[in-house]
Amino acid sequence: MEDERIVALFLRRDEAALGLTAAKYGQKLRALADNLLRDRGAAEECENDTYMQAWAAIPPHEPWNYLFPFLAKITRRLAIDVARARSRQKRSAPIMELTSELEQCIPSPNDTPGQADGTLLIELVENFLRSLSEERRNMFIRRYWYLDSVKEVADFFGCSQGRVKTTLYRVRRDLREYLIKEGYDI
């Protein structure tokens, strides 16, 4: 079913929208949460909570042309919240590995300058990603947005893990240089 029809059902408050959304995107949303949490049960809870939050958010939001990114953002935020709760309980989570990779090129949002410049940083990162080749951009997004492992990224692109690691290293390095060049204090 087309996303526009599903969104229309959400806007009419028709509960069929939930089932259609689950049928179309459930597996992808679960995989996104599972990539971060490595816990199928928690991933399923994140998926179900995504539907509940989407129900509450549509309306006022009307994601006509971007339903999956809209849902993925909700799922990702929910999974990160679960991972943070677990890390507070001294459980390890894959997000720590990703954070250490990215902190080489992007400053912490917890410091005052990081919070003040958050909008500028988002714009700069978006511009940087647009400047990359499609393959490099998609490798970066699969690793740091969809939270795929290096092996999963390599399998997706049909290349070696070494190539993925090298590409990601170079993209992070280039992002850092780009941010410095644009006057963003790292």
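Further up the page is the structure itself.
About the criteria used
- Throughout this document, residue positions are counted from 1 along each chain, in the order its sequence is written.
- Restriction of local features to residues with pLDDT of at least 70 applies here, the model being predicted, together with a cutoff of 80 or more for giving and counting side-chain atom pairs; totals for whole chains, interfaces and linings are based on all residues.
- Derived side-chain values reflect all non-hydrogen atoms in the structure, with water molecules and hydrogen atoms excluded from consideration.
- Counting from the N terminus, the helices are DSSP H or I runs at least four residues long and the strands are E runs at least two residues long.
- Only heavy atoms enter the contact rule, under which two residues are in contact if any of them lie within 4.5 Å.
- Accessible surface area values rest on a Shrake-Rupley calculation with a 1.4 Å probe, where residue burial reflects the displayed protein chains alone.
- We define a salt bridge as a contact between a side-chain nitrogen of Lys or Arg and a carboxyl oxygen of Asp or Glu at a distance within 4 Å.
- When two rings of Phe, Tyr or Trp (its six-membered ring) have centres within 6.5 Å they constitute a pair, described as stacked for plane angles under 30 degrees, edge-to-face for angles over 60, and tilted for the intermediate range.
- Criterion for a charge above a ring: Arg CZ or Lys NZ at most 6 Å from the ring centre, at most 35 degrees from the ring normal.
- Axes, fitted as lines to C-alpha atoms, cover a helix only where it is in contact. Angles between the N-to-C directions of the axes lie from 0 to 180 degrees.
- Working rule for handedness: look at the near helix, and if it is turned counterclockwise from the far one by less than a right angle, call the crossing left-handed; if clockwise, right-handed.
- Gly is put with the polar residues, along with every residue not named as nonpolar or charged; the nonpolar set is Ala, Val, Leu, Ile, Met, Phe, Trp, Tyr, Cys and Pro, and the charged set is Asp, Glu, Lys and Arg.
- By definition in this entry, angles of less than 35 degrees are roughly parallel, angles greater than 145 are roughly antiparallel, angles of 65 to 115 are roughly perpendicular, and the rest are oblique.
- Relative accessibility thresholds used throughout: buried, under 20% of the residue-type maximum; exposed, over 50%; partly exposed, between the two (1.4 Å probe, protein chains only).

(A) Representation of the overall build of the protein chain in the model. Along the protein chain, the regular secondary structure elements total 10 helices and zero strands. Tracing the protein chain from N to C terminus, the helices and strands come up as α-α-α-α-α-α-α-α-α-α. A separation of at least 24 residues holds for 65% of the contacts in the protein chain among residues at least 6 apart in sequence. Summed over its atoms, the accessible surface of the protein chain is roughly 10800 Å², and 50% of this surface lies on carbon and sulfur atoms.

(B) How the structure looks around the pattern of salt bridges. Following the criterion strictly, the structure yields 10 salt bridges and no others. Between Glu-126 and Arg-130 there is a salt bridge whose closest N-O contact spans 3.9 Å. One end of the pair is Glu-126 and the other is Arg-130, both in helix 7 (residues 118-131) and four residues apart, which spans about a single turn. Residue Lys-151 is joined to Asp-155 by a salt bridge in which the shortest nitrogen-to-oxygen separation is 3.0 Å. Of the two residues, Lys-151 and Asp-155 are both situated in helix 9 (residues 150-157); the distance of four residues between them amounts to about one turn of the helix.

(C) How the structure looks around the packing of aromatic side chains. Under the definition given, this model contains six aromatic pairs. Arranged with centres 5.2 Å apart and planes meeting at 35°, the rings of Tyr-25 and Phe-68 form a pair that is tilted. With a gap of 43 residues between them, Tyr-25 in helix 2 (residues 16-37) and Phe-68 in helix 4 (residues 67-88) connect regions that are remote in the sequence. A cation over a ring is seen here: Lys-28 above Phe-68, with NZ or CZ 5.3 Å from the ring centre.

(D) Seen up close, the packing of helix 8 (residues 134-144) against helix 9. Remark: helix 8 packs on helix 9, axes separated minimally by 9 Å, with the N-to-C direction vectors making an angle of 145°. At the point where helix 8 passes helix 9, the crossing takes the right-handed sense. Of the residues in helix 9, those in contact with Glu-135, Asn-138, Met-139, Arg-142 and Arg-143 of helix 8 are Val-150, Val-153, Phe-156 and Phe-157. When its residues are assigned to classes, the contact of helix 8 with helix 9 shows five nonpolar, one polar and three charged.

(E) The arrangement of unusual backbone geometry in detail. Here the residue pair Ile-58 and Pro-59 is connected by a cis peptide bond, since its omega of -15° sits within 30 degrees of zero. Along the polypeptide, Pro-59 turns up in the loop between helix 3 (40-57) and helix 4. Cis geometry is found at the peptide bond from Pro-59 to Pro-60, where omega equals 15°. You can see Pro-60 is positioned in the loop between helix 3 and helix 4.

(F) Seen up close, the packing of helix 9 against helix 10 (residues 161-181). As a packed pair, helix 9 and helix 10 sit with axes 8 Å apart at the nearest point and diverge in direction by 105°. The angle between helix 9 and helix 10 places the two elements in the roughly perpendicular class. In contact with Val-150, Lys-151, Val-153 and Ala-154 of helix 9, helix 10 contributes Gln-161, Val-164 and Lys-165. Within the contact of helix 9 with helix 10, the residues separate by chemical class into four nonpolar, one polar and two charged.

(G) Structural view of the environment of Glu-45. Relative to the elements of secondary structure, Glu-45 occurs in helix 3. The exposure class of Glu-45 is exposed, given its relative accessible area of 54%.

(H) Fine view of the environment of Lys-165. By the element assignment, Lys-165 lies in helix 10. Classification of Lys-165 by relative accessible area gives partly exposed; the value is 49%. A sequence separation of 15 residues divides Lys-165 from Val-150, and the C-alpha atoms of the two residues are 7.0 Å apart.

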